[in-house]
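A closer look at the structure
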Amino acid sequence: RKEVEQDPGPFNVPEGATVAFNCTYSNSASQSFFWYRQDCRKEPKLLMSVYSSGNEDGRFTAQLNRASQYISLLIRDSKLSDSATYLCVVNKPGTYKYIFGTGTRLKVLA
Amino acid sequence: NAGVMQNPRHLVRRRGQEARLRCSPMKGHSHVYWYRQLPEEGLKFMVYLQKENIIDESGMPKERFSAEFPKEGPSILRIQQVVRGDSAAYFCASSPLPGTGIKGNQPQHFGDGTRLSIL
């Protein structure tokens with residue numbers, strides 16, 4: 001089983017739609033979780049950290065489900081500019097390493 | 001610009017030459033990570049460094065690749081005798097001292113990357 005696993009997509013959604021991605025992780029001892037956004041041929045940019053209680057930033061909501069070992073990202077009212085690859089990142093317990101998922105590609109269509 | 005600075009943005013080398021990639025972390029950050037990304041693939045961890053120390057180099061190829069983060073100056077990722085397969089985007093990220101965040105590890109912040117092309 002991969003340490004961090006994401007559906008590669010692409011998810012093609014119309015503008016204004018709500019879309020959700022999940023990311024599963026294999027090590028139950030992981031404590032730190034993040035979502036990054038990466039545009040084509042650009043660097044990953046931090047979108048949001050994921051906290052145990054769940055957190056929201058504008059149209060974006062992140063959730064953590066420890067029992068099932070997954071995190072989720074919900075995007076409401078999708079914009080064309082949301083088109084990107086969304087990377088799930090999880091810390092590797094006992095190390096200072098961060099494990100990146102291969103990303104989920106989102107395309108928001110006009 | 002107080003962000004992570006990488007240079008050069010693009011680097012072209014012929015097979016057998018050396019490539020040197022530089023990274024200056026964000027101000028106040030003492031930890032540097034190097035990643036490699038092949039086209040259409042995810043980020044692969046290479047090495048994690050603090051000032052003057054390599055903490056984890058488990059993702060580095062055993063030969064031709066080395067990294068350093070001297071007391072003064074940027075972190076350097078060095079690739080000797082480059083081959084075509086080394087062509088990739090190399091990203092550097094920095095973070096504050098891990099584990100010092102209120103809720104676990106601090107996130108990493110990335111530089112713009114260096115696109116290495118081998119002719």
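Our subject is the structure that appears above.
Nothing here was measured: the structure is a model prediction, and the numbers come from that model.

Quick word on the side chain of serine 72 of chain A
All names here are of chain A. For serine 72, the position within the fold is in strand β8 (residues 70-75). Taking the relative accessible area as the measure of exposure, serine 72 reaches 14% and is therefore buried. In contact with serine 72, other than residues within four places in its own chain, are Phe21, Asn22, Trp35, Thr61, Ala62 and Gln63.

Considering the nonpolar core
Judged by nonpolar contacts, the single largest core of 24 residues is most densely connected at Phe21, Trp35, Ile71, Leu73, Ile75, Tyr86 and Leu106 of chain A. For this core, the secondary-structure elements that each account for two or more residues are β3 (19-25), β4 (33-38), β5 (45-50), β7 (60-65), β8, β9 (84-91) and β11 (104-109) of chain A. Among all residues touching leucine 106 of chain A, those that are not within four sequence positions of it are Phe11, Val13, Val19, Phe21, Ile75, Asp82, Ser83, Ala84 and Tyr86 of chain A. Membership of the second largest hydrophobic core comes to 22 residues, among which are Leu11, Ala19, Val32 and Ala88 of chain B.

A look at the sheet that holds strand β7 (residues 65-68) of chain B
Two strands in a sheet stick together by hydrogen bonds in their backbones, pointing the same way (parallel) or opposite ways (antiparallel). All names here are of chain B. Across the sheet, which stays open at both edges, the four strands sit in the order β1-β3-β8-β7 with antiparallel pairing between neighbours. Single-partner strands in this sheet number two, and they are β1 (5-7) and β7. Each strand axis lies, on average, 15° off the axis of its neighbour in the sheet, ignoring direction.

What to know about the packing of aromatic side chains
Residues and elements named next belong to chain B. Under the defined criterion, the tally for this structure stands at 15 aromatic pairs over all chains. Summarising the aromatic geometry, the rings of phenylalanine 91 and phenylalanine 110 are spaced 6.4 Å apart at their centres and angled 80° between planes, so their arrangement reads as edge-to-face. Pair noted here: phenylalanine 91 is in strand β9 (residues 88-95) and phenylalanine 110 is in strand β10 (residues 109-110), with a separation of 19 residues, a long-range link. Phenylalanine 110 carries the same exposure label as phenylalanine 91, and that label is buried.

Quick word on the interface of chain B and chain A
Contacts between the two partners involve 25 residues from chain B, matched on the other side by 19 residues from chain A. Roughly 1,900 Å² of surface becomes buried between chain B and chain A when both sides are summed, with 55% attributable to carbon and sulfur atoms. Applying the counting criterion to the chain B and chain A interface returns zero salt bridges. Linking chain B with chain A are five residue pairs in polar contact (both at pLDDT 80 or more). Here the residues of the side of chain B that touches chain A are counted per class, giving 10 nonpolar, 10 polar and five charged.

Topic: the pairing of β8 of chain A
All names here are of chain A. Across six bridges, the pairing between β3 and β8 is antiparallel. The residue bridging asparagine 22 from the neighbouring strand is serine 72, located in β8. In the sheet, β7 pairs with β8 via six bridges, with the strands oriented antiparallel. Its bridge partner being in β8, threonine 61 is matched across the sheet by leucine 74.

Things to note about the pattern of salt bridges
Residues and elements named next belong to chain B. Evaluation of the coordinates by the stated rule reveals nine salt bridges over all chains. In this structure, the salt-bridge partner of glutamate 18 is arginine 20, at a minimum N-O distance of 2.9 Å. Classification of arginine 20 as partly exposed rests on a relative accessible area of 36%. Between glutamate 18 and arginine 78 there is a salt bridge, and its shortest N-O distance comes to 2.9 Å. Here glutamate 18, found in the loop between β2 (10-13) and β3 (19-24), pairs with arginine 78, found in strand β8 (residues 75-79); they are 60 residues apart in sequence, far enough to count as distant. The exposure class of glutamate 18 is partly exposed, given its relative accessible area of 31%. Classification of arginine 78 by relative accessible area gives partly exposed; the value is 26%. Residues joined by salt bridges that share partners form a network here, namely Glu18, Arg20 and Arg78.

Considerations on the sheet that holds β8 of chain A
Residue and element names in this part refer to chain A. The sheet built from five strands is open, its strands ordered β1-β3-β8-β7-β6 with antiparallel pairing. In this open sheet, the two edge strands, each paired with only one partner strand, are β1 (4-6) and β6 (55-57). Within the sheet, the average angular offset between the axes of one strand and its neighbour, ignoring direction, is 20°. As paired elements, β6 and β7 share three bridges and run antiparallel to each other. Across the sheet, the residue bridging to asparagine 55 is alanine 62, located in β7.

Each value, and the rule that gives it
- Residues numbered from 1 in each chain as written.
- Chains lettered and ligands numbered in written order.
- Predicted model: local features only at pLDDT ≥ 70, side-chain atom pairs only at ≥ 80, totals over all residues.
- Heavy atoms only, no water.
- Helix = DSSP H or I, 4+ residues; strand = E, 2+ residues; numbered from the N terminus.
- Buried < 20%, exposed > 50% of the residue type's maximum accessible area, 1.4 Å probe, protein only.
- Contact = heavy atoms within 4.5 Å.
- Core = buried A, V, L, I, M, F, W, Y, C linked by side-chain atoms within 4.5 Å.
- Pairing = 2+ DSSP bridges.
- Axes fitted to C-alpha atoms, helices over the stretch in contact; angles between N-to-C directions.
- Phe/Tyr/Trp six-rings, centres within 6.5 Å; stacked < 30°, edge-to-face > 60°.
- Buried area = accessible area lost by both parts, 1.4 Å probe.
- Salt bridge = Lys/Arg side-chain N within 4 Å of Asp/Glu carboxyl O.
- Polar contact = N/O pair within 3.5 Å; in protein donor to acceptor, adjacent residues only side chain to side chain.
- Nonpolar A, V, L, I, M, F, W, Y, C, P; charged D, E, K, R; others polar.

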